[in-house]
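The residues making up each chain are set out below.
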Amino acid sequence: MRILAITRAKQFSPNSVEKDLDIIMSVVSRLRGMGHEVESCAEEDLPLADSEAAEDDYDAIMTMGRKPETLAWLKNKHCLVVNSPKAVECSARSVLLRLMKENDIPVPPDEGCCGYWLKRGDACAQSPDDVVFCKDKAELEAQKKVFAQRGIDQYVVSAHVMGDLVKFYGVRGSRFFRYFYPTDDGQSKYGDEQRNGVAHHYCFDEKGLTKDVERLALATDMDVYGGDCIVRPDGTYCIIDFNDWPSFSRCRDDAAQAIAGMVELRVKS
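A quick note: this is a predicted structure, and the numbers were derived from the prediction, not measured.

**A word on the pattern of salt bridges**
- Enumeration according to the criterion identifies 22 salt bridges in this entry.
- Lys137 is the salt-bridge partner of Glu111, the closest N and O atoms lying 3.1 Å from each other. One end of the pair, Glu111, is in the loop between helix 5 (93-102) and strand 5 (116-120); the other, Lys137, is in helix 6 (residues 137-149), with 26 residues separating them in the sequence.
- Linking Arg215 and Asp212 is a salt bridge whose minimum nitrogen-to-oxygen distance equals 2.8 Å. With a gap of three residues between them, Arg215 and Asp212 both fall in helix 8 (residues 206-220), about one helical turn apart.
- Exposure remark for Arg215: the relative accessible area of 36% places this residue in the partly exposed category.
- Assessed through its relative accessible area of 11%, Asp212 is described here as buried.
- In this structure, a network of salt bridges that share partners links the residues Arg8, Asp20, Arg66 and Asp244.

Here it is, written out as structure tokens:
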């Protein structure tokens, strides 16, 4: 197989540039070890206007790209694209929340007594200012005005949910699914994980979460994904985030093997 791997533009990897690069290059290494020809290209260097490059006959494209022009270029490709442009567009929080509600995926409530989260809705978070905790409705309204001043007119609001914060990672259609408690190892992108305190490891339906996440992956066309959920003391949970192609920093080797196997299988089928 001939495969192109597109690494993510740095602006979309806040505090995670090296981690994001490591996972896709780990997949590249495994695919090369399986005998496939794999080229790599930074999203910033992708020759979008180069007609000859645009006609390259790839069997698959693995991409972490998120720029609109990158997604437009990928939509014209007739090979397997992981993750697809549709998947990346569905990871915008406004779209994601709608799909979750339409598919009965557990989401946090709109109202609560422990504060609110205001999140950029038109794209993934690119800075700590794109995901803001507000202690009450007054602060929420004030932060909406700050978003407006920044030119952000699409956002989602959800009530803060108390419980264990759990990060999960998966590869659609495979047996690969892992979850971790970030306060156990201290890994954090923005530090928001500390808002829920140290994990109590409440019991919950692990198979139920796996099925809900797989249904969400299907609804969003997301092959390689990661996300966050809150497990309440009573064992119920809600999914608070779902992203395309995370860094898999806690399980990179296993994830890379699963992604490489999935790409090879999808192309051959």
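**Some points on the sheet that holds strand 11 (residues 237-244)**
- With respect to topology, four strands assemble into an open sheet ordered 9-8-10-11, the strand pairing being antiparallel. Sheet topology places strand 9 (177-180) and strand 11 at the edges, where each strand pairs with a single neighbour. Geometrically, the sheet is characterised by an average inter-axis angle of 20° between neighbouring strands, direction not taken into account.
- Judged from the seven bridges that link them, strand 10 (residues 224-231) and strand 11 form a sheet pairing that is antiparallel. Among the inter-strand pairings, Asp228 is bridged to a residue of strand 11, identified as Asp241.
- Taken strand by strand, helix 8 contacts strand 8 (164-171), strand 9, strand 10 and strand 11, and its axis lies near 40° from that of strand 11.

**So, helix 8**
- Its 15 residues give helix 8 an end-to-end C-alpha distance of 21 Å, which sits within 8% of 21 Å, the value for a rise of 1.5 Å per residue.
- Of the residues making up helix 8, those classed as buried are Gly208, Leu209, Asp212, Val213, Leu216, Ala217, Ala219 and Thr220.
- Against helix 4 (85-90), helix 5, strand 8, strand 9, strand 10 and strand 11 lie the buried residues of helix 8.
- For helix 8, the N-terminal cap is Asp205; the gap from its side-chain oxygen to the backbone nitrogen of Lys207 is 3.3 Å.
- Following helix 8 by one or two positions, Asp221 has its phi on the positive side, about 65°.

**Details of the sheet that holds strand 4 (residues 80-82)**
- Spatial strand order, 2-1-3-4: four strands in an open sheet with parallel pairing. Of all the strands in the sheet, the pair left with one neighbour each is strand 2 (37-42) and strand 4. If you compare each strand with its neighbour and ignore which way they point, the axes differ by 15° on average.
- As judged from the six bridges shared by strand 1 (residues 2-7) and strand 2, these two strands associate in the parallel manner. Paired with Leu4 across the strands is Glu39, a residue of strand 2.
- With respect to the sheet, helix 9 (residues 252-268) is in contact with strand 1, strand 3 (60-63) and strand 4, its orientation differing from that of strand 4 by roughly 160°.

**Re the packing of aromatic side chains**
- Tallying each qualifying case throughout the model produces nine aromatic pairs.
- Between the aromatic rings of Tyr169 and Phe248, the centroid separation amounts to 5.5 Å while the plane-to-plane angle is 40°, which identifies the pairing as tilted. Residue Tyr169 is located in strand 8, and its partner Phe248 is located in the loop between strand 11 and helix 9; the two are separated by 79 residues in the primary sequence.
- Assessed through its relative accessible area of 6%, Tyr169 is described here as buried.
- Residue classification places Phe248 among the buried residues on the basis of a relative accessible area of 0%.
- Site record: aromatic cluster; members linked through ring pairs are Phe168, Phe177, Tyr225 and Phe242.

Thresholds, definitions, all that
- Residues numbered from 1 in each chain as written.
- Predicted model: local features only at pLDDT ≥ 70, side-chain atom pairs only at ≥ 80, totals over all residues.
- Heavy atoms only, no water.
- Salt bridge = Lys/Arg side-chain N within 4 Å of Asp/Glu carboxyl O.
- Helix = DSSP H or I, 4+ residues; strand = E, 2+ residues; numbered from the N terminus.
- Buried < 20%, exposed > 50% of the residue type's maximum accessible area, 1.4 Å probe, protein only.
- Pairing = 2+ DSSP bridges.
- Axes fitted to C-alpha atoms, helices over the stretch in contact; angles between N-to-C directions.
- Contact = heavy atoms within 4.5 Å.
- Expected span 1.5 Å × (residues − 1).
- Polar contact = N/O pair within 3.5 Å; in protein donor to acceptor, adjacent residues only side chain to side chain.
- Phe/Tyr/Trp six-rings, centres within 6.5 Å; stacked < 30°, edge-to-face > 60°.

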